[in-house]
Amino acid sequence: MSRFMQEKIIILDFGSQYTQLIARRVRELNTYCEIIPYNKFPENTDDVKGVILSGSPFSVNDANALQIDLTNIRGNFPVLGVCYGAQYLAHSSGGKVEACASREYGRAHLDWVAEGDKLFEGVHLNSVVWMSHGDSITKVPENFNLVASTKEVRFAAFKVENEQTWGVQFHPEVYHSEDGTILLNNFVEHICGCAKDWTPASYISSTVESLQHQLGDDKVILALSGGVDSTVAAVLLNRAIGKNLTCVFVDNGLLRKNEFESVLENYGVLGLNVIGVDAKEHFYTALAGVTDPEQKRKIIGKGFIDIFDQEAKKLKDIKWLAQGTIYPDVIESLNITGMVIKSHHNVGGLPAKMNLKVVEPLRLLFKDEVRRVGRELGIPASLIGRHPFPGPGLGVRILGDVTADKVRILQEADHIFIQGLIDNGLYDNVWQAGAILLPVQSVGVMGDERTYENAVALRAVVSTDGMTADWSHLPYEFLAKVSNEIINKVRGINRVVYDISSKPPATIEWE
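These lines cover the structure that appears in this document, whether it is placed above or below. (Residues numbered from 1 in each chain as written. Predicted model: local features only at pLDDT ≥ 70, side-chain atom pairs only at ≥ 80, totals over all residues. Heavy atoms only, no water.)

Digging into the overall build of the protein chain
Now for step 1: Looking only at helices and strands, the protein chain features 13 helices and 18 strands.
Now for step 2: On C-alpha atoms alone, the protein chain measures out to a radius of gyration of 26 Å, which is about the 24 Å that the 2.2 N^0.38 rule sets for 511 residues.
Now for step 3: Taken over the C-alpha atoms alone, the protein chain extends approximately 80 × 60 × 40 Å along its principal axes.
Now for step 4: Every one of the 511 residues in the protein chain was classed for burial, and the buried ones make up 55%.
Now for step 5: Here the protein chain displays about 23,000 Å² of accessible surface, and carbon together with sulfur accounts for 49% of that area. (Helix = DSSP H or I, 4+ residues; strand = E, 2+ residues; numbered from the N terminus. Rg over C-alpha atoms; globule rule 2.2 N^0.38 Å. Buried < 20%, exposed > 50% of the residue type's maximum accessible area, 1.4 Å probe, protein only. Areas by Shrake-Rupley, 256 points an atom, 1.4 Å probe, with all protein chains shown as cover.)

Concerning the nonpolar core
Now for step 1: Judged by nonpolar contacts, the single largest core of 46 residues is most densely connected at Phe 417, Leu 421, Leu 474 and Ile 486.
Now for step 2: Ranked by the residues each element gives to this core, the list is headed by helix H12 (residues 404–423), at 8 residues.
Now for step 3: Among all residues touching Leu 421, those that are not within four sequence positions of it are Leu 426, Tyr 427, Ala 433, Leu 474 and Phe 478. (Core = buried A, V, L, I, M, F, W, Y, C linked by side-chain atoms within 4.5 Å. Contact = heavy atoms within 4.5 Å.)

Examining the pattern of salt bridges
Between side chains of opposite charge, a pair can form as their charged atoms come close.
Now for step 1: According to the stated counting rule, one finds 25 salt bridges in the structure shown.
Now for step 2: Arg 27 is the salt-bridge partner of Glu 369, the closest N and O atoms lying 2.6 Å from each other. Remark: Arg 27 occurs in helix H1 (residues 19–28) and Glu 369 occurs in helix H10 (residues 367–376); sequence separation between them is 342 residues.
Now for step 3: Its salt-bridge partner being Arg 397, residue Glu 509 comes within 2.7 Å of it at the nearest N-O pair. Pair noted here: Glu 509 is in the segment after strand S18 (493–498) and Arg 397 is in the loop between helix H11 (381–384) and H12, with a separation of 112 residues, a long-range link.
Now for step 4: By relative accessible area, which is 13% here, Glu 509 ends up buried.
Now for step 5: The network of salt bridges with common partners includes Lys 8, Glu 34 and Asp 47. (Salt bridge = Lys/Arg side-chain N within 4 Å of Asp/Glu carboxyl O.)

What to know about the packing of helix H5 (residues 228–241) against H10
Now for step 1: Close contact between H5 and H10 brings their axes to 10 Å; oriented N to C, the two are set at 45°. Put simply, H5 runs oblique to H10. Judged by the twist between their axes, the crossing of H5 over H10 is left-handed. Across the interface between the two elements, Val 228, Asp 229 and Val 232 of H5 pack against Lys 367, Val 370, Arg 371, Val 373 and Gly 374 of H10. (Axes fitted to C-alpha atoms, helices over the stretch in contact; angles between N-to-C directions. Parallel < 35°, antiparallel > 145°, perpendicular 65-115°, else oblique. Left-handed = near helix turned anticlockwise from the far one by under 90°.)

Below, the structure is given as structure tokens:
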């Protein structure tokens, strides 16, 4: 984004589930890094300070293992190989990597660390490291020096002689590796020599300057969702181009209770130019009778594009569409291992009929970084601290077909749950929460009457990044109070259950 050169660490991605976590840890060290497919090393490397080779679902011995020629990387940049990256360094130099007798997964302890090694400076003996591999290095080339071992893994880490190249068979990026941050900081600061000047304030300054240069006097339209990403994107753009930004907030009838009105009010306080569009009936009509989750998502996505396109055509001289794309969206849309992990709507391109160029001011940031930038911009905590909310809204929290009456029922139940979390000081302890209307009716007794009404499931999870999540252990007294209030106040619900599934194997949303 910035016109000035930003020093960076390159992470070559071999398809590991932990690659994003490596990047987040490096970013937390105030150092910019980019995840790049293993075979896309940049030609222009003036701003590259070091290279990290990620893990991989493959074995280096597989016929289809991902391979790269490291000739122009090793010796020219400091290199850190992690798990598969370490094994590939050894294997490609003539070492031996063999299948373990049993898969090495979980906690291990460093029982030997070489004195004076720059990568392991400050890493404590017996500290926990996290293993996750089916292969192990059993022999290293002659110029590879052993620098750390565990009881089970002799070559837990090595350094190449006369090279700034290291390999570790464990994962320093995961929280379970106790001194992992120390190790990564040693690599980033002391080995690569990074200035560690990647901060929210520096990002805002360079991004505003870059947006002004990119957009000039052009007019921009932005679709607001009420969520953190689009809000921060809007405020950044507003700081850069002011009145040339027009925001559109569409009420698709699937928002939370009173959200349309409250979000418009909040955006007014922020000084944004916002057009609110009531399109509830358009979406209810399009969704009538549809029960398949994927089809619902497509209908809601298409409906939004159609409504947004109508509003854009009412405005004059719009040349750009701004989107709240963030870095995980970009990464998940890359083809790393030959399979697209996820096609994200923000990266998939704009319908040709709109004929607009795309600007994405947050595409370099992870979610936690977006929040930090938002705080630096002075956006109220009530907006920055909002839980993630699915793009299709309550449409994927109503299992089965969507009707206006079901939306009303779920909005009321969801409002009681979320407001209860806020009132009891629990909201900020939860990553994401919401209610799900189930396509199940059950017998109940209310007063002297027998009822046969809907069940609703409450879902609350704790997470750091949404990639994995555990169910939130909310107090029983709170759950009892919320359940009682929902059943008493929401006509159409007579049973409340609490979802205690973790991700994996379950997902955060039910659809």
